[in-house]
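Understanding the architecture of this molecule
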Amino acid sequence: MRINPFVTTTAIGLSLLCTQSYSAQAFSNHATTLAFTPRSLSSSSSSLKSTASSSSSVVDVATTPIAGMKPGTSGLRKKVEVWQAVDDVNKNYVENFIQSLVDTAKESNGGEMIDTVIVAGDGRYFNDEAIQIIAKVLAGNGVSNIWIPQNGIMSTPAVSAAIRRREGGKALGGIVLTASHNPGGPGEDFGIKYNEAFGQPAGEDFTDALYEKTLTISSFKSIKGSSDIDLSADAGTTYSLTPTTTVTIIDPFDCYLDALRSCFDFDALRTFCQRDDFSILFDGMHGAGGPFARRVLIEELGLPESSLLRCDPRPDFGGCHPDPNLTYAASLVKKMGLNPDGSADESVDATSLPTLGAANDGDGDRNLIAGAGFFVTPSDSLALICDNWESIPHFAKEGGPRGVARSMPSSAALDVVAEARGIPCFSTPTGWKFFGNLMSSKEMFGKTDYTPFLCGEESFGTGSDHIREKDGLWAVLSWMSILMKANEDTPAGEPLVGVKDIVTKHWAKYGRHFYCRYDYEAVESDAANQVMELVRNEFVNGDVTSVLDDDSGIKLTSASEFAYTDPVDGSQTSNQGLILNFEYPNGDPSRVVFRLSGTGSAGATIRMYLERFERDESKHGESAPQALKSLAERALSLVKMEEMTGREGPTVIT
């Protein structure tokens, strides 16, 4: 068992290692719980060991293309046995994919081999073995510097921060081993994604080119005669894989902490956290975000260890599905006084509950936010952060966000706030890479500067321009900052202004966008495609005026298919979701969006997004699933979901 896998660096200054720069040049296979005991690192450079491999040599290995290596919205995800090449048909699966990735990165770097690359994962099953394979392929291709976090584990937001900040932005990319919120362990999922030089997920041009190379690959480069890298070595330890390739074990925390400190007032938050009436419960879901939550919430802000739940990373995520929603974060949901549908459990005394509840997913980029007996939808959370930007120094020091964006399936709650606040607002396809261009409009394209920038997705993703990924812990600190600001005049002994108070006040001002999502997971692919074709042919391309009314009185008024022209680089993206617009008998608008998710590793996931706007404050207290029940029934009947898929109901409602 590996012990003490994370180092808290105390001597190598953040100002030296994590200077911010935006230059583009610049489980082990057992189910043992990993122990996380931070160690300090001596300031003496002589304490850092360097190991050379004098007998290694570069080899060119013949291979053949493997079908199905097309990355989705966030990398390539498959069952772990595919990556492990359990079957001969998948022989050299990791090597083929990484060689194709390296060749693509070289082309995008003007024909020059990328100099410095980060290789890190979320700690899921096969993480360590894959890192060793990838490092050898990178060395075989002549990559000079390979940075690997201690123990090989690093949250996705932290990887983005390190690409942008470590050694002035020296890294030209990051290879991230994650299947995000998908389960891990034998028989479950594994994935690899690539982040480019600004820390952003690779764009479609890159992933399309990568895929084309996987179809024609005939060989890959690697090295032989080199010992495995000790991933648990102290930060600063180096290994010479070849005379031209050095692996450095890096501190996983430092650059990410530097990025967070640039956004929030840690001193003020630490003082607020000492209030006897404030408490937080953070569920790491046994993913990579857990150690980062401990580093920030416990070590930096002084909260007690009891604030953490499941914050020790495990290769199989402790047998849980590491997706921070009402279904899979059931333990946290219950501890926050909530029913499985997000409504308050009236049998629980809300005053006995934590002030704030939060959860991360497997790689630490998603978040769930809840108050005592009160669930906040991701779309509402995004809108609330926008409307309370004065509470967050990252925005306040610049006079507020210069741009905000949401994924199209997310509710329009953000749009209403942005219009009232005079902030440019964009609706993009699902996928964080589409936010990247907007964030980097000036630094990459010399166009309009939208930073500081705020963005989010209904799939529990929120973030800003401090990095180029969604960031679960950033969202938690944003809500802590909002609570701190709302209670700056609340004296000791008086009840705190809580999450519920803040959200209900917001609804009273702007109206409530009732919102939830139905997921039909692992649907047979042909059946899923038939559902989408029915919606497209009968409604988008058909005549909605011919659709008969039913007893609900909810009328289908129009249908469309979302397409997007990027306002920064002009690129066009089509087939991004099928939208059915409805009208209630009282005239209130509503909509239902159908979309196939690209984040699964088997079959297809049909996602149905439901939204209804309600201005009447007296109706705001109804639970979202109940408020949207008739709309869901109307839409499911129209698209013949049960008939087409054989599913009587969704796998998950969030």
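These numbers come from a predicted model, not from an experiment.

With that out of the way, let us pick up the nonpolar core. Judged by nonpolar contacts, the single largest core of 74 residues is most densely connected at Leu297, Trp479 and Met480. Among the elements that take part in this core, helix 16 (residues 472–486) stands out by supplying nine residues, more than any other. In contact with Met480, not counting residues within four places along its chain, are Leu269, Phe272, Cys273, Phe278, Ile280, Leu297, Leu301, Leu303 and Leu356. Within the second largest apolar cluster, 45 residues are counted, among which are Ala130, Ile131, Ala135 and Tyr194.

One open sheet accounts for five strands, arranged 14-13-15-16-17; its pairing is mixed. Unpaired on one side and paired on the other, strand 14 (308–309) and strand 17 (374–376) mark the two borders of the sheet. Of the pairings in the sheet, the one linking strand 16 (residues 367–371) to strand 17 comprises three bridges and is antiparallel in character. Residue Gly371 lies in a different strand from strand 17, and its bridge partner there is Phe374. Contacts from helix 16 reach strand 13 (280–283), strand 15 (356–360), strand 16 and strand 17 within the one sheet, and its direction differs from that of strand 15 by about 170°.

Their axes nearest at 11 Å, the elements helix 11 (residues 378–387) and helix 17 (residues 499–510) cross at an angle of 85°. As judged from the angle between their axes, helix 11 and helix 17 are roughly perpendicular. Contacts between helix 11 and helix 17 involve Asp380, Ala383, Leu384 and Asp387 from the former and Ile502, Val503, His506, Trp507, Lys509 and Tyr510 from the latter.

Turning to unusual backbone geometry, a few remarks are in order. Excluding glycine, a negative phi dihedral is what most residues carry, and trans is how most peptide bonds are arranged. The omega torsion across Thr451 and Pro452 is 0°, close enough to zero to call that bond cis. Topologically, Pro452 is positioned in the loop between helix 15 (441–445) and strand 20 (453–457). With a phi angle near 55°, His286 is a residue other than glycine that sits in the positive phi range. Among the structural elements, His286 can be located in the loop between strand 13 and helix 9 (289–300). Positive phi outside glycine occurs at Arg310, with the angle close to 55°. Take Arg310: it is sitting in the loop between strand 14 and helix 10 (330–335).

Turning our eyes to something else, we now look at the pattern of salt bridges. The full count for this structure, using the stated rule, is 37 salt bridges. Across the pair Arg295 and Glu300 runs a salt bridge, and its minimum N-O distance is 2.7 Å. Pair check on accessibility: Arg295 and Glu300 agree, each one buried. As a salt-bridge pair, Asp519 and Arg517 come within 2.8 Å of each other at their nearest N and O atoms. The class for Asp519 is buried, based on a relative accessible area of 2%. Salt bridges sharing partners connect three or more residues here, namely Arg261, Arg295, Glu299 and Glu300.

Calculation rules
- Residues numbered from 1 in each chain as written.
- Predicted model: local features only at pLDDT ≥ 70, side-chain atom pairs only at ≥ 80, totals over all residues.
- Heavy atoms only, no water.
- Core = buried A, V, L, I, M, F, W, Y, C linked by side-chain atoms within 4.5 Å.
- Buried < 20%, exposed > 50% of the residue type's maximum accessible area, 1.4 Å probe, protein only.
- Helix = DSSP H or I, 4+ residues; strand = E, 2+ residues; numbered from the N terminus.
- Contact = heavy atoms within 4.5 Å.
- Pairing = 2+ DSSP bridges.
- Axes fitted to C-alpha atoms, helices over the stretch in contact; angles between N-to-C directions.
- Parallel < 35°, antiparallel > 145°, perpendicular 65-115°, else oblique.
- Salt bridge = Lys/Arg side-chain N within 4 Å of Asp/Glu carboxyl O.

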